[in-house]
Amino acid sequence: MDNNVKMVPAICTQCGGTVEVDKTKEEAKCPFCGTSFVIEKAINNYNVKYATIEHADNVNIDVTGAVKEVLDFAGTQMSESRKVRSEQRKIDSELHSKNTIAFFKLYGFMFAGMLVFGLIAFIIMQFTGNTGDDEQVEEAGTSVIECQVKEGALFTDIDISDDLEWKYQDFDSYGVSLSSEDSYVNSYHSYIVPNNTFDEGVGYAITAGFDRMTMASDPSYYSVVKVYIDNYQIINADDPVIVESLSDYSYE
């Protein structure tokens, strides 16, 4: 064999055995099966077989690299996503804290405002007394006396549940006059207005309860209502004061 001849691998076209052939020749004989074959075809068989395997290896390598790139990308995205979520949680926490502080500040201001308003209303009520349409209720024996100021007059209603008979005391009253009076077995009603000569100041409306059974000339109880008059109208009244004698009441 010539040392300058370069042998190349080939695959026998008959048995598939791997042989070395001189590619400068046209034919060769397989040492395994003894069959003659065309060298060019045998070389092509070899190249096709091992080129496919090599290509497959390259594909596997490329796939592995692609998978690695995908995993690296996914890892990067997850890391960035965790960072974004962490930042968002921090922002949400700060916003929640600010909102909470703002809420409690607003609630504190509202509560303080309500306290101040209530205190002012209480002070006004202390200085001005009851408003014109308020009802004042007292009891004399078992009779319930209700007084209410409206339309510039004092309305008195007495629910009589005992043996008392109630009458307006014109002589003892001051600054006011009886406009109407209705007395029944179980109730009494009166309508009292300022008298014609009293345009402003403090007046007193007095109603007396007499014992109906004994026909006593002296009352068993007196109901004294202090009224406030302005421009010939009753604008306010204190609670009825129940006394057994007018000497027990302190006029101002």
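*Asks:* Could you clarify how one ought to interpret the pairing of strand E1 (residues 7-11) in this entry?
*Replies:* It is a general feature of regular strands that their side chains alternate between the two faces of the sheet. Pairing of E1 with strand E2 (residues 18-22), which is carried by five bridges, proceeds in the antiparallel orientation. Bridge pairing links Ile11 to Thr18 in E2. Counted between consecutive antiparallel strands, the loop separating E1 from E2 contains six residues, among which Gly16 sits at a positive phi close to 80°.

*Asks:* What is the right way to read a nonpolar patch on the surface from this model?
*Replies:* Side chains of Phe103, Phe104, Tyr107, Phe111 and Leu115 sit close together on the surface and give an oily, nonpolar patch of about 590 Å² of accessible area. Mapped onto the elements of the fold, Phe104 is located in helix H1 (residues 39-128).

*Asks:* Help me out: how do you make sense of the nonpolar core in this one?
*Replies:* As a rule of thumb, soluble globular proteins bury nonpolar side chains together. One finds Leu154, Trp166, Val176, Val227 and Ile234 to be the most contacted residues of the largest nonpolar core, which totals 19 residues. Where this core is concerned, the elements lending two or more residues are strand E6 (143-150), strand E7 (153-159), strand E8 (164-168), strand E10 (187-194), strand E12 (221-230) and strand E13 (233-237). Discounting residues that sit within four places of it in the chain, Leu154 has contacts with Cys147, Gln148, Val149, Ser190, Tyr191, Ile192, Ala205, Val225, Val227, Ile234 and Ala237. Ala28, Phe37, Ala42 and Ile43 belong to the second-largest nonpolar core, a separate cluster that totals 11 residues.

*Asks:* Help me out: how do you make sense of the side chain of Gln169 in this one?
*Replies:* Note that Gln169 resides in the loop between E8 and strand E9 (176-183). By relative accessible area, Gln169 is classed as buried at 17%. Residues within four places of Gln169 in sequence aside, it is in contact with Ile206, Thr207, Ala208 and Phe210.

*Asks:* Is there a simple way to explain unusual backbone geometry in this structure?
*Replies:* Most peptide bonds adopt trans geometry, and most residues besides glycine take a negative phi value. For Glu151, which is not a glycine, the phi torsion comes out positive at approximately 55°. Tracing the chain through its elements places Glu151 in the loop between E6 and E7. A relative accessible area of 73% means that Glu151 is categorised as exposed. Phi angles above zero are rare outside glycine, and Tyr232 is one such case at about 65°. Position of Tyr232 among the secondary structure elements: in the loop between E12 and E13. Relative accessible area serves as the criterion here: at 44%, Tyr232 is assigned to the partly exposed category.

*Asks:* Any chance you could explain the environment of Ile192 here in plain terms?
*Replies:* With respect to the helices and strands, the residue Ile192 is situated in strand E10. For the pair formed by Ile192 and Phe155, sequence separation is 37 residues and the distance between their alpha carbons is 6.5 Å. Aside from chain neighbours lying at most four places away, what touches Ile192 is Ala153, Leu154, Tyr168, Val176, Ser177, Leu178, Ser179, Ala205 and Ile234.

*Asks:* Quick question: what am I supposed to make of the state of the cysteines here?
*Replies:* In a disulfide, the sulfur atoms of two cysteines are covalently bonded to one another. Tallied over the full model, the rule gives zero disulfides. As a non-bridged cysteine, Cys15 has Cys30 as the owner of its nearest cysteine sulfur, 3.6 Å distant. Given a relative accessible area of 41%, Cys15 falls into the partly exposed group.

The rules we used
Residues numbered from 1 in each chain as written. Predicted model: local features only at pLDDT ≥ 70, side-chain atom pairs only at ≥ 80, totals over all residues. Heavy atoms only, no water. Pairing = 2+ DSSP bridges. Helix = DSSP H or I, 4+ residues; strand = E, 2+ residues; numbered from the N terminus. Patch = residues over 30% accessible without salt bridge, like charges linked within 9 Å, V, L, I, M, F, W, Y side chains within 5 Å. Areas by Shrake-Rupley, 256 points an atom, 1.4 Å probe, with all protein chains shown as cover. Salt bridge = Lys/Arg side-chain N within 4 Å of Asp/Glu carboxyl O. Core = buried A, V, L, I, M, F, W, Y, C linked by side-chain atoms within 4.5 Å. Buried < 20%, exposed > 50% of the residue type's maximum accessible area, 1.4 Å probe, protein only. Contact = heavy atoms within 4.5 Å. Disulfide = S-S within 2.5 Å.

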